[in-house]
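# Structural characterization, general
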Amino acid sequence: MTTNNAPIKFAYWVPNVSGGLVISSIEQRTSWDIDYNRKLAQIAEKAGFDYALSQIRFTAGYGADNQHESVSFSHALLAATEKLKVIAALLPGPWNPALAAKQIATISQLTNARVAVNIVSGWFRGEFHAIGEPWLDHDERYRRSEEFINALRGTWTQESFTFKGDFYRFNDYSLKPKPLEPLPEIFQGGSSRAARDMAARVSDWYFTNGNTPDGLTAQVNDIKAKEKTFGKNWRTKIGINAFGIVRQTEKEAKDVLQEILDKAIPEAVGGFHHEVQNAGNASPEREGNWAKSTFQDLVQYNDGFRTNLIGTPQQVAERVIELKRAGADLILLGFLHFQEEVEYFGKHVIPLVRELEASRSPRVQAAE
Ligand SMILES: Cc1cc2nc3c(=O)[nH]c(=O)nc-3n(C[C@H](O)[C@H](O)[C@H](O)COP(=O)(O)O)c2cc1C
């Protein structure tokens, strides 16, 4: 695997949903409220984080009793920051692409092009039922998401946009104003065959659940091969989820992981496991997110422990470099105590990553 030479990027999960990022009764000094989140975004941009990713959830479940909406919340964070890019989750179904394209174009205009989107395809059947949205089969959800992405890009780039899809239609539509350049980047979440194919056809970024470097490389190679088959003329960039536990000693970090697991809430993890079978396991080839997740993996919603960014700053920085070599362009991080740990990560891990990247720069590698 050839290493991408650009500095690896860092993103954090916006805690706009209550209960934090682990299904555990361990103390989490994290709040889902706007004041906490504005301050967190300011800390993150100072700490060297490039992106924040907001989540969309319409109903409670598995420890997420309250959920702020992703687009309006993302805009509030953009208004409170200067450099940070904020990725707003959009769920086709509840959103239609005409409204989404318009909302995001306006936010781009208001925030100097710092908004991006994450197209998610739905994993929570109960949520769709609660808001009266039809629950499509797994691969149909992706067919709809792909039309959604084509519609966003079409309205953002074409003067007069016409589109005749199975899910969406546009007739000589002219969106004005367009978003500012660079256009909002289009991320997507999911790991199934359908998710990888959609990434290889239309997305700018592919977000996947936590994994090992080898597990990541397999996905990257698959997407690259598919890009060629589909004739995509730009490279899909790769983001991987991780739950970061960085402490002065490895023992301290491992003890924190053990405490999270010891205090896991079994009924909630079990319920979540049952529900995600509607997503990760419902894909025909059974390779989606969560298809192979254990109880322990699911204590973190997106398998974040599997990425193993758990240890000292040096260990974690080295593992970030391994992930970069495995094909990652971006690491998406969750933490127990977001404000404190985003700051710590920026102070102690990111500089080590930058040193390691510099020592592995093409000039140095050529000399080796
Ligand atoms: C990084 C990441 C972020 C996601 N964010 C959301 C979200 O905010 N809301 C949501 O409903 N699903 C979210 N998802 C779920 C995916 O869109 C998708 O439904 C799920 O991963 C199952 O897809 P698969 O079966 O194709 O693997 C996210 C997934 C990933 C990897």
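Our subject in this report is the structure included herewith. The structure displayed is predicted, hence computed values, not measured ones. Going along each chain's sequence as written, the residues are numbered from 1 onward. The predicted origin of the model limits local features to residues at a pLDDT of at least 70 and limits the giving and counting of side-chain atom pairs to 80 or more, whereas totals for whole chains, interfaces and linings rest on all residues.

Helices and strands together make up the secondary structure of the chain, namely 14 helices and 12 strands. Radius of gyration here is computed from C-alpha atoms only, and the compact-globule reference equals 2.2 Å multiplied by the residue count raised to the power 0.38. Relative to the compact-globule value of 21 Å for 368 residues, the chain shows a C-alpha radius of gyration of 20 Å, a close match. Here the chain holds 368 residues, and 48% of them are scored as buried. Sequence-distant contacts in the chain: of pairs separated by 6 or more residues, those separated by 24 or more amount to 77%. Note on conventions: DSSP H or I runs of at least 4 residues are helices, E runs of at least 2 residues are strands, and numbering of each starts at the N terminus. Buried means a residue has 20 or more other C-beta atoms within 10 Å of its own C-beta, exposed means 12 or fewer, and partly exposed covers the counts in between; C-beta atoms are placed from the backbone. Here, residue contact means that the backbone-derived C-beta atoms of the two residues sit within 7 Å.

Attention now goes to the environment of Gly 126. Mapping Gly 126 onto the fold places it in helix H4 (residues 125-130). Note on Gly 126: 14 C-beta atoms within 10 Å, which makes it partly exposed. On a C-alpha basis, the gap between Gly 126 and Thr 59 in space is 8.3 Å, while along the polypeptide they are 67 residues apart. Aside from chain neighbours lying at most four places away, what touches Gly 126 is Thr 59, Gly 61 and Glu 275.

Bringing the environment of Pro 351 into the picture now. For Pro 351, the location among the structural elements is in helix H13 (residues 350-359). Take Pro 351: there are 13 C-beta atoms within 10 Å of it, and that puts it in the partly exposed class. The sequence separation of Pro 351 and Ala 194 amounts to 157 residues, and the corresponding C-alpha distance is 37 Å.

At 3.6 residues per turn, the α-helix brings residues three or four places apart onto the same side. One less than the number of residues in a helix, times 1.5 Å, gives the span that helix is expected to have. In a regular helix each residue adds 1.5 Å, so 14 residues correspond to 20 Å; helix H3 (residues 97-110) covers 20 Å between its end C-alpha atoms and thus fits that length. The complete set of buried residues in H3 reads Pro 97, Ala 100, Ala 101, Ile 104, Ala 105, Ile 107 and Ser 108. The arc enclosing the buried residues of H3, seen along the axis, measures out at 165 degrees, which places them on a common side. Taken together, the buried residues of H3 touch helix H2 (70-79), strand S3 (85-90), strand S4 (115-119) and helix H5 (138-157). Starting at the helix axis, one direction is taken to each C-beta atom, and the arc is that of these directions.

Glancing now at the site of the ligand. Throughout this description, a residue near a molecule or strand is one whose C-beta atom, derived from the backbone, lies within 6 Å of it. Surrounding the ligand, one finds 25 residues, the nearest of these being Val 120, Gly 189, Gly 190, Ser 192 and Gly 288. Residues were grouped as follows: Ala, Val, Leu, Ile, Met, Phe, Trp, Tyr, Cys and Pro as nonpolar; Asp, Glu, Lys and Arg as charged; and all remaining residues, including Gly, as polar. Here the residues of the shell around the ligand sort into 10 nonpolar, 15 polar and no charged.

The two faces of strand S7 (residues 186-189) match: Ile 186 and Gln 188 on one face and Phe 187 and Gly 189 on the other face are all buried. Bridge analysis of S4 against S7 gives 3 bridges, and the strand direction is parallel. Bridge pairing links Val 117 to Ile 186 in S7. DSSP bridges decide pairing: two strands pair if at least two such bridges lie between them. Looking at chain direction, S7 and strand S8 (residues 205-208) are connected through 3 bridges and run parallel. Bridging across to S8, Gly 189 finds its partner in Phe 207. If the strands point away from the viewer and the path from the first strand over the helix to the second runs clockwise, then the crossover is right-handed. A crossover links S7 with its parallel partner S8, the connecting element being helix H6 (residues 193-202), and its sense is right-handed.

A set of buried Ala, Val, Leu, Ile, Met, Phe, Trp, Tyr and Cys residues, joined through C-beta atoms within 7 Å, is what we mean by a nonpolar core. Counting residues in hydrophobic clusters, the biggest one holds 101 residues, and the most contacted among them are Ala 11, Ala 52, Ile 331 and Leu 332. Looking at this core, the element that brings in the most residues is H6, giving 6 residues. Not counting the four nearest positions on each side in its chain, Leu 332 is found in contact with Ala 11, Trp 13, Leu 53, Phe 207, Gly 239, Ile 240, Asn 241 and Ala 242.

A separate point is H6. Burial analysis of H6 places 7 of its 10 residues in the buried class, which makes it a mostly covered element. The inward-facing, buried residues of H6 abut H5, S7, S8 and helix H7 (213-230).

This part covers the pairing of S4. Successive residues of a regular strand alternate their side chains across the two faces of the sheet. With 5 of its 5 residues buried, S4 lies for the most part within the structure. Traced from S3 through H3 to S4, the parallel crossover comes out right-handed.

Strand order in the closed barrel formed by 8 strands is S1-S2-S3-S4-S7-S8-S9-S12, and the pairing between neighbours is parallel. In this sheet, neighbouring strand axes are inclined to one another by 25 degrees on average, regardless of whether the strands run parallel or antiparallel. Each axis is a line fitted through C-alpha atoms, taken for helices only over the stretch in contact, and angles between the N-to-C directions span 0 to 180 degrees.

Let us now look at the environment of Tyr 168. Mapping Tyr 168 onto the fold places it in the loop between strand S5 (161-164) and strand S6 (169-173). Sequence separation between Tyr 168 and Asn 96 is 72 residues; the distance between their C-alpha atoms is 8.1 Å. Dropping the residues within four chain positions of it, Tyr 168 is found in contact with Asn 96, Pro 97, Glu 147, Phe 148, Ala 151 and Phe 163.

Residue Lys 176 is joined to Pro 177 through a cis peptide bond whose omega torsion reads -5 degrees. When you line up the elements, Pro 177 lands in the loop between S6 and S7. Residue Pro 182 is bonded to the preceding Glu 181 through a cis peptide linkage, with omega at -10 degrees. Positioned with a positive phi, Asn 112 is a non-glycine residue whose angle comes to about 55 degrees. A residue is classified by how many C-beta atoms lie within 10 Å of it, and Asn 112, with 11 of them, is exposed.

A separate point is the packing of helix H1 (residues 34-47) against helix H12 (residues 338-348). Close contact between H1 and H12 brings their axes to 9 Å; oriented N to C, the two are set at 5 degrees. On the basis of their axis angle, the class for H1 and H12 is roughly parallel. Two secondary-structure elements touch here, H1 through Lys 39, Leu 40, Ile 43, Ala 44 and Ala 47 and H12 through Phe 338, Gln 339, Val 342, Glu 343, Phe 345, Gly 346 and Lys 347. What sets the label is the angle itself: under 35 degrees gives roughly parallel, over 145 gives roughly antiparallel, 65 to 115 gives roughly perpendicular, and the rest give oblique.

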